[in-house]
Amino acid sequence: MRWEFGRRSTNVEDRRGTGLSAPVVGGGVGAVILSLIVAFLGGDPSVIWEQTQRPSDRPYSQSPQTQPSAAEDRMADFVSVVLADTEDTWHSLFQQQGKTYREPTLVLFSNAVESACGFTRSAVGPFYCPSDQKLYIDLNFYQDLQNRYKAPGDFAQAYVIAHEVGHHVQNLMGISDRVRGLQRQADQVEANQLSVRQELQADCFAGVWAYHADRSRQIVEAGDIDEALNAASSIGDDRLQSQARGYVRPESFTHGSSAQRVRWFQRGIQTGNPAQCNTFAVANP
């Protein structure tokens, strides 16, 4: 991926170095297992921890400061460029619709973080909080993406950011609010199905970004798309559940199968059109 000469976003908030530490309270083993299953590329982490104590009830302390390594600083530089490129893409697409794109903030953190969605540990993975319109990522996640989930490459890493930005786009479009409203009236299985459709749409929106990044700014190199497709496949619910417990329960999916995630990312990158990402309008996404 040709990123070194790209524009850097001014919407990066660096909270690395001083992490939060807290005792494990609420949620218990079930919450931990659920976090492992939906850890990567999630939307709103408050869904996971909604039954636990609220942040104000949960004491935490500052952990000692650590100095980010040169490799971590380079990765921070990289995600700033990717964020800037998503800004360029979505500003243009919103403008074509006569709308204004509000840029999200990307928060870099270590170990744990406090957001408007609550206290969240790194194990939850990258996430978007609609309440403060911020993306959160512990850069150590990329080590897991490469080593544990066998999805290496800088474009795979860019896909992670683009997916979370996709959730921000859903928030701006009012999709996230509508989904939450429907979920409140649904049983658990139906609520999970709505979550899957929302996640797949964010995958498609990530593909839309990749389409425009390639054609407008020529940052995509040979093999990059395969990296992103591999990342999408590696974090499908079926693969994660199979790895975690040896069997798969489709009714519990919250993000979509590997095949679904790949298919919707491909639709986005093949069309470059957000209107083609309506996962809610098809019978079997």
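Owing to the predicted nature of the structure, the values given are computational and were not obtained by experimental measurement.

Undergrad: Quick one: what's the story with the state of the cysteines, residue by residue and with numbers?
TA: For the structure on display, the rule yields two disulfides. Disulfide pairing places Cys117 opposite Cys129 at an S-S distance of 2.1 Å. Negative torsions about the S-S bond denote left-handed disulfides, and the value of about 95 degrees found for Cys117 with Cys129 makes this one right-handed. In this pair, Cys117 is assigned in the loop between strand S5 (112–115) and strand S6 (118–121) and Cys129 in strand S7 (residues 127–129), connecting sequence segments 12 residues apart. Through a disulfide, Cys204 is tied to Cys277; the S-S separation comes to 2.0 Å. The chirality of the disulfide connecting Cys204 with Cys277 is left-handed, given an S-S dihedral of about -70 degrees. Of the two residues, Cys204 is situated in helix H7 (residues 188–217) and Cys277 in the segment after helix H10 (258–271); the sequence distance between them amounts to 73 residues. Judged by relative accessible area, Cys204 falls into the buried class, the value being 0%.

Undergrad: Go over the layout of surface pockets, please, and point to the residues and values.
TA: In this structure, the second largest pocket encloses a volume near 380 Å³. Around the second largest pocket, the lining comprises 18 residues; the ones closest to its centre are Met173, Ile175, Phe205, Pro274 and Ala275. Here the residues of the lining of the second largest pocket sort into 11 nonpolar, five polar and two charged.

Undergrad: Describe the packing of aromatic side chains, naming the residues involved and giving the relevant values.
TA: Taken as a whole and judged by the stated rule, the model has seven aromatic pairs. Where Trp90 meets Phe94, the ring centres are 6.3 Å apart and the plane angle is 85 degrees; that geometry is what we call edge-to-face. On the criterion of helical spacing, the pair formed by Trp90 and Phe94 is a turn pair, its members being four residues apart in helix H3 (residues 70–96). Like Trp90, the residue Phe94 is buried in the burial classification.

Undergrad: How would you explain the pattern of salt bridges if you had to name every residue and give the values?
TA: Scanning the model with the defined rule gives 10 salt bridges in all. The salt bridge involving Asp14 is made with Arg16; its shortest N-O contact spans 2.7 Å. With a shortest N-O distance of 2.6 Å, Arg180 and Asp177 are connected by a salt bridge. Within this pair, Arg180 and its partner Asp177 are both found in helix H6 (residues 175–184), separated by three residues, close to a single helical turn. Exposure remark for Arg180: the relative accessible area of 26% places this residue in the partly exposed category. The exposure class assigned to Asp177 is partly exposed, which follows from its relative accessible area of 48%. Each of Arg7, Glu87 and Asp88 takes part in salt bridges that share partners, so that together they form one network.

Undergrad: Tell me about the pairing of strand S4 (residues 105–108), and please be specific about residues and values.
TA: Sheet analysis places strand S1 (residues 12–14) next to S4, joined by three bridges and oriented parallel. By the bridge assignment, Asp14 is partnered in S4 with Leu108. Summarising the sheet, S4 and strand S8 (residues 134–137) pair through four bridges and their orientation is parallel. Considered in S8, the bridge of Val107 is made with Tyr136.

Undergrad: Give me the lowdown on the nonpolar core, citing residues and values where you can.
TA: The nonpolar side chains of a soluble globular protein tend to be buried, and buried together. By size, the foremost hydrophobic cluster in this structure holds 51 residues, and its most contacted members are Met1, Val79, Trp90, Tyr142, Ile161 and Trp209. Where this core is concerned, the elements lending two or more residues are H3, S4, S8, helix H4 (141–147), helix H5 (154–173), H7, helix H8 (224–234) and H10. Each residue touching Trp90, except ones within four places of it in the same chain, is listed here: Tyr101, Val165, Val169, Phe205, Val208 and Pro274. Membership of the second largest hydrophobic core comes to seven residues, among which are Val107, Phe109, Val113 and Cys117.

Undergrad: Go over H3 with me, naming the residues and quoting the values.
TA: End to end, H3 covers 40 Å across 27 residues, agreeing with the expected 39 Å (1.5 Å per residue, within 8%). The first or second residue beyond H3 is Gly98, which carries a positive phi of 75 degrees.

Undergrad: Which residues make up the pairing of S6, and what are the values?
TA: Alignment of S5 against S6, held across four bridges, turns out to be antiparallel. Looking across to S6, one finds that Ala112 is bridged to Arg121. What sits between S5 and S6 in their antiparallel hairpin is a turn of two residues.

Undergrad: Which residues make up the packing of H3 against H7, and what values do they have?
TA: Look at H3 against H7: their axes get within 10 Å of each other, and the N-to-C directions meet at 95 degrees. On the basis of their axis angle, the class for H3 and H7 is roughly perpendicular. Here H3 contributes Val82, Asp85, Thr86, Asp88, Thr89, Trp90 and Leu93 to the contact with H7, which in turn contributes Phe205, Val208, Trp209, His212, Ala213 and Arg217. In terms of residue class, the contact of H3 with H7 is made up of seven nonpolar, three polar and three charged.

Conventions used here
- Residues numbered from 1 in each chain as written.
- Predicted model: local features only at pLDDT ≥ 70, side-chain atom pairs only at ≥ 80, totals over all residues.
- Heavy atoms only, no water.
- Disulfide = S-S within 2.5 Å.
- Helix = DSSP H or I, 4+ residues; strand = E, 2+ residues; numbered from the N terminus.
- Buried < 20%, exposed > 50% of the residue type's maximum accessible area, 1.4 Å probe, protein only.
- 1 Å grid on protein atoms, 1.4 Å probe; cavity = no way out; pocket = protein on both sides within 12 Å on 5 of 7 lines; lining within 4 Å.
- Points joined across faces, edges and corners; volume = space filled by probe spheres on them.
- Nonpolar A, V, L, I, M, F, W, Y, C, P; charged D, E, K, R; others polar.
- Phe/Tyr/Trp six-rings, centres within 6.5 Å; stacked < 30°, edge-to-face > 60°.
- Salt bridge = Lys/Arg side-chain N within 4 Å of Asp/Glu carboxyl O.
- Pairing = 2+ DSSP bridges.
- Core = buried A, V, L, I, M, F, W, Y, C linked by side-chain atoms within 4.5 Å.
- Contact = heavy atoms within 4.5 Å.
- Expected span 1.5 Å × (residues − 1).
- Axes fitted to C-alpha atoms, helices over the stretch in contact; angles between N-to-C directions.
- Parallel < 35°, antiparallel > 145°, perpendicular 65-115°, else oblique.

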